[in-house]
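# Working through the structure, step by step
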Amino acid sequence: TAGETLTVSFWAKSLSENSELVLRIHRNGATKFWSGTLSPSISEWTFYTFSHTFSSSGNAGSYIVKSASADDLIFDGYREELSDYPTPVCDGDMPGHTWNGTAHASTSSRSANTQKYTNPLGSDVGTLMVQWQPVAAFASQPTSYLFDEGSLAAYYSSSDYKIYFTDGTNTISTAAQSFSAHDWLALAFVYGDDGLVIYVDGTSAASGGTYTAPTLGSYLWIGTDDAGGNQANGRLDELVIDDRARP
C-alpha cells in the first residue's frame, strides 16, 4: 500500500576478505526503490537494517545479490516487516509467539507482548538496574519504556534521545544519548533521600535533589508502560531490584 514502510534487517558475516553483496528493495519484483553495496566483517557478525517508504501500491520485497567475484557469506535472522524500524525476531516456534497459519509456512505474531510482576519496589528508597539492548540506533529507536509501575517509571524518548526517570512528581533526564543498534547499555535508576539518579554504563548521567515517595501500583511492568504500550523494542537482561540506594 502506498505510504507503507518496509524494513529489512539481517545479520551477515563474510568468510574471506573478498565478500561483497548488494541489497535491493523492490516493488512488484521489478521496480527498484533502493540499492546498496555492503561488505560484512570477516571477524564478527554485522547487523544491517534498511527502510523504505513506498509511494505506490504493489507487492513489496527485497533480495540480496552476491558480487560475482565474492566468496561465500553467512546470513542469519533475515526478515522483512511493515514497520519504520526493526523489531526483535518474531518466530512462531519461540515462547510467547504464534504462527498465523501453517507452521514454518506463514507469518508469526507475538502473543505475549508484556511482562509484569507483583510490585516488588519499596516507596522509600531503592534501585532498579537493567541491561538494555535496543534493536535500532538512537535516532530510529521509538520511545521505549524500561519499566513502569504507575508512578516510578524510566523510559527512552524518541523526541530528544534522552533517558527519563520520574517518581510521578519529579522528573530527571540525561543528555541526548547516541548508540548504535544492538549496543548494550547498563542502566541504573536510584531513588531515595538523595533524590533521583540515573546511571549509564556505571557513570552518573542525571540527578535531581528531590524525591517524592509515590503511592505504588500493584504491578511492575518491564519493557513497557503500565498500559502495555511504548514497548522497549529490544532486549532486556540482568534485571536487579534492590531496597537500597546504590548504582
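Here the structure is shown first, and the text comes after it.
To start, this report covers the structure provided alongside it. (Residues numbered from 1 in each chain as written. Predicted model: local features only at pLDDT ≥ 70, side-chain atom pairs only at ≥ 80, totals over all residues. Heavy atoms only, no water.)

### Let's talk about the overall build of the protein chain
Helices and strands together make up the secondary structure of the protein chain, namely zero helices and 19 strands. The 247 residues of the protein chain split such that 42% are buried. Long-range pairs, those at least 24 residues apart, make up 66% of the contacts in the protein chain with a sequence separation of at least 6. Summed over all atoms, the accessible surface of the protein chain reaches about 12200 Å², with 45% contributed by carbon and sulfur. (Helix = DSSP H or I, 4+ residues; strand = E, 2+ residues; numbered from the N terminus. Buried < 20%, exposed > 50% of the residue type's maximum accessible area, 1.4 Å probe, protein only. Contact = heavy atoms within 4.5 Å. Areas by Shrake-Rupley, 256 points an atom, 1.4 Å probe, with all protein chains shown as cover.)

### Some points on the sheet that holds strand 18 (residues 219-222)
Read across the open sheet, the six strands follow the order 9-18-11-12-13-14; overall the sheet is antiparallel. In this open sheet, the two strands that pair with only one neighbour each are strand 9 (115-118) and strand 14 (171-173). The sheet shows a mean angle of 20° between the axes of neighbouring strands, direction not considered. As paired elements, strand 12 (residues 153-156) and strand 13 (residues 163-166) share four bridges and run antiparallel to each other. From the neighbouring strand, Ala 153 faces strand 13, where its bridge partner is Thr 166. (Pairing = 2+ DSSP bridges. Axes fitted to C-alpha atoms, helices over the stretch in contact; angles between N-to-C directions.)

### Focus on the side chain of Gln 141
With respect to the helices and strands, Gln 141 occurs in the loop between strand 10 (126-134) and strand 11 (144-148). Polar side-chain contacts of Gln 141 include one of 3.2 Å to the backbone nitrogen of Ala 136. Ignoring anything within four residues of it in the chain, the contact list for Gln 141 reads Trp 132, Pro 134, Val 135, Ala 136, Tyr 156, Ser 158, Phe 179, Ala 232 and Asn 233. (Polar contact = N/O pair within 3.5 Å; in protein donor to acceptor, adjacent residues only side chain to side chain.)

### Considerations on the pattern of salt bridges
In the structure shown here, the tally under the stated rule is three salt bridges. Where Asp 242 meets Arg 244, a salt bridge forms, and the shortest distance between an N and an O atom there is 2.9 Å. Residue Asp 242 is classed as buried on the basis of its relative accessible area, which comes to 11%. Here Asp 242 and Arg 246 are joined by a salt bridge, their closest N and O atoms 2.4 Å apart. (Salt bridge = Lys/Arg side-chain N within 4 Å of Asp/Glu carboxyl O.)

### Comments concerning unusual backbone geometry
Residues other than glycine seldom take positive phi values, yet His 182 does so here, at roughly 75°. Tracing the chain through its elements places His 182 in the loop between strand 14 and strand 15 (185-192). A positive phi is found at Asn 233, a non-glycine position, where the angle reads about 45°. Relative to the helices and strands, Asn 233 resides in the loop between strand 18 and strand 19 (234-242). Given the relative accessible area of 9%, Asn 233 is considered buried.

### Notes on the packing of aromatic side chains
Per the stated rule, a full pass over the model turns up 15 aromatic pairs. With centroids separated by 5.9 Å and ring planes inclined at 50°, the aromatic side chains of Trp 132 and Tyr 156 adopt a geometry described as tilted. Residue Trp 132 is found in strand 10, and its partner Tyr 156 is found in strand 12; the two are separated by 24 residues along the sequence. Directly above the ring of Tyr 219 sits Lys 116, whose terminal nitrogen or CZ lies 4.2 Å from the centroid. (Phe/Tyr/Trp six-rings, centres within 6.5 Å; stacked < 30°, edge-to-face > 60°. Lys NZ or Arg CZ within 6 Å of the ring centre and 35° of its normal.)

### Here's the deal with the sheet that holds strand 17 (residues 203-208)
The strand order across the open sheet built from five strands is 17-16-15-10-19, with neighbouring strands paired in antiparallel fashion. Single-partner strands in this sheet number two, and they are strand 17 and strand 19. Sheet twist, expressed as the average angle between the axes of neighbouring strands with direction ignored, equals 15°.

### Focus on a nonpolar patch on the surface
Residues Leu 15, Trp 45 and Ile 74 make up a contiguous nonpolar surface patch of about 270 Å² in total accessible area. Structurally, Ile 74 can be placed in strand 6 (residues 73-82). (Patch = residues over 30% accessible without salt bridge, like charges linked within 9 Å, V, L, I, M, F, W, Y side chains within 5 Å.)

### Notes on the nonpolar core
Counting residues in each nonpolar core, the largest one holds 25 residues, and the members touching the most others are Trp 132, Phe 147, Phe 165, Leu 187, Phe 189 and Ile 198. Put simply, the parts of the chain that give this core at least two residues each are strand 10, strand 11, strand 12, strand 13, strand 15, strand 16 (195-200) and strand 18. The greatest single-element share of this core, amounting to four residues, is contributed by strand 15. Setting aside residues up to four positions removed in sequence, Leu 187 forms contacts with Leu 128, Met 129, Val 130, Trp 132, Leu 146, Ile 163, Tyr 199 and Val 200. Among the nonpolar cores identified, the runner-up in size contains seven residues, and Leu 6, Val 8, Tyr 48 and Phe 54 belong to it. (Core = buried A, V, L, I, M, F, W, Y, C linked by side-chain atoms within 4.5 Å.)

### Brief notes about the environment of Ala 103
Along the chain, the position of Ala 103 falls in the loop between strand 7 (97-99) and strand 8 (108-110). Distance in space between the C-alpha atoms of Ala 103 and Asp 93 is 8.1 Å, their sequence separation being ten residues.

### What to know about the pairing of strand 12
A two-sided burial pattern is seen for strand 12, the buried positions comprising Ala 153 and Tyr 155 on one face and Ala 154 and Tyr 156 on the other. Relative to strand 12, strand 11 runs antiparallel, the two sharing four bridges. Its bridge partner lying in strand 12, Tyr 145 is registered against Tyr 155. As consecutive antiparallel partners, strand 11 and strand 12 are separated by four residues, and within that stretch Gly 150 has a phi angle of approximately 110°, a positive value. The antiparallel hairpin formed by strand 12 and strand 13 contains six residues in its connecting segment, where Tyr 161 sits at a positive phi of about 65°.

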